Amino acid sequence: MSGITAFPLEKELDTLCSIRGLATAHVSDVHNGLDSWLLTVRAGLHDTYAKYPWISYGSDWLAFAHIVIAVFFIGPLVNPVRNVWVLQAALVACALVLPLALVCGPIRQIPFGWRLIDCSFGVIGAIPLFYCLRLVKVLEQKPPEEYAAELGTASHNSTHTLN
């Protein structure tokens, strides 16, 4: 779902600022970091989209990439042992969030606190992945018939996935 939110960035930011009572505010009107950052990003999006509307096409592709990544997770739902590689690749991606946020964040002038929030996505995302990988290890230890019964599939389908 998070990928879909990249489509209407400008509208979402306008709505968030409105909810926070900042609909007509400017950066100089506020004195806390969060509101200042929201208004800075909103102004940047408004200016950029007004001059270069095609730039949002990049976030459209970002949204599409999130949707494509989500499709890969259907495999582990259907057959976790056979598709364990998806979980492992996702764990690597979680680990790569940290260097990306910590290296590119300062280059893009992202506030340090926001970089830590970005890093937390990698850390928090790894938790269910480790849990799922542990469950897959348990399934790998079971006989094919028992494994297939737990997944609700025919045993002849599961034998190929365990070898």
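These numbers come from a predicted model, not from an experiment. (Residues numbered from 1 in each chain as written. Predicted model: local features only at pLDDT ≥ 70, side-chain atom pairs only at ≥ 80, totals over all residues. Heavy atoms only, no water.)

Side note on unusual backbone geometry
Glycine aside, a negative phi is what most residues show, and trans is what most peptide bonds show. We note that Q109 has phi near 60°; this positive angle belongs to a residue other than glycine. Its location among the elements puts Q109 in the loop between α5 (84–107) and α6 (112–140). A relative accessible area of 67% means that Q109 is categorised as exposed. (Helix = DSSP H or I, 4+ residues; strand = E, 2+ residues; numbered from the N terminus. Buried < 20%, exposed > 50% of the residue type's maximum accessible area, 1.4 Å probe, protein only.)

Thoughts on the state of the cysteines
Tallied over the full model, the rule gives zero disulfides. For the unlinked cysteine C119, the closest cysteine sulfur is that of C104, found at 11 Å. Owing to a relative accessible area of 7%, C119 belongs among the buried residues under this scheme. No disulfide involves C132; its nearest neighbouring cysteine sulfur is the one of C94, lying 11 Å away. Under the relative-accessibility criterion, C132 is labelled partly exposed at 32%. (Disulfide = S-S within 2.5 Å.)

Looking at the nonpolar core
Counting residues in hydrophobic clusters, the biggest one holds twelve residues: V81, V84, L87, A90, L91, C94, A126, L129, L133, V136, L139 and Y147. Sorting the residues of this core by element identifies α5 and α6 as the ones contributing at least two each. The next biggest cluster of nonpolar side chains, apart from the first, holds nine residues, and it includes L13, L22, V30 and L39. (Core = buried A, V, L, I, M, F, W, Y, C linked by side-chain atoms within 4.5 Å.)

Focus on the layout of surface pockets
Put simply, the largest pocket is a space of about 2,400 Å³. Lining the largest pocket are 49 residues, with A6, L62, H66, D118 and F121 sitting closest to its centre. Contributions of two or more residues to the lining of the largest pocket are made by α1 (9–19), α2 (33–51), α3 (56–72), α5 and α6. For the lining of the largest pocket, the per-class residue count stands at 34 nonpolar, twelve polar and three charged. Considered as a void within the structure, the second largest pocket measures approximately 150 Å³ in volume. Every residue along the wall of the second largest pocket is listed here: F73, P76, L77, P80, L87, C132, L135, V136 and L139. (1 Å grid on protein atoms, 1.4 Å probe; cavity = no way out; pocket = protein on both sides within 12 Å on 5 of 7 lines; lining within 4 Å. Points joined across faces, edges and corners; volume = space filled by probe spheres on them. Nonpolar A, V, L, I, M, F, W, Y, C, P; charged D, E, K, R; others polar.)

As for the packing of α1 against α2
Contact pair α1 / α2: the axes reach a minimum separation of 10 Å and the direction vectors enclose 145°. Read as a crossing pair, α1 and α2 show a hand that is left-handed. Across the interface between the two elements, L9, E10, L13, D14, L16 and C17 from α1 touch L38, L39, V41, R42, L45, H46 and Y49 from α2. In the contact of α1 with α2, the residues fall into nine nonpolar, one polar and three charged. (Axes fitted to C-alpha atoms, helices over the stretch in contact; angles between N-to-C directions. Left-handed = near helix turned anticlockwise from the far one by under 90°. Contact = heavy atoms within 4.5 Å.)

Digging into the environment of I55
Structurally, I55 is set in the loop between α2 and α3. As for I55 and L45, which are separated by ten residues in sequence, their C-alpha atoms are 9.6 Å apart. With near-sequence residues (within four places) excluded, I55 lies in contact with T48 and Y49.

Notes on the confidence of the model for the protein chain
Here the protein chain averages 89 in pLDDT, while 93% of its residues score no lower than 70. Ranking the elements of the protein chain by mean pLDDT puts helix α8 (residues 155–162) last with 45 and α5 first with 97. Every residue in residues 154–163 is under pLDDT 50, and counting partners more than four places away or in other chains gives 16 contacts. (pLDDT = per-residue confidence, 0-100.)

Observations regarding the packing of α5 against α6
Direction vectors running N to C along α5 and α6 enclose 165°, while the axes themselves pass 9 Å from each other. It follows from the interaxial angle that α5 and α6 lie roughly antiparallel. For α5 against α6, the interelement crossing comes out left-handed. On α6, the residues touching V84, L87, Q88, A90, L91, C94, V97, L98, A101, L102, G105 and P106 of α5 are R115, D118, C119, G122, V123, G125, A126, L129, F130, C132, L133 and V136. (Parallel < 35°, antiparallel > 145°, perpendicular 65-115°, else oblique.)

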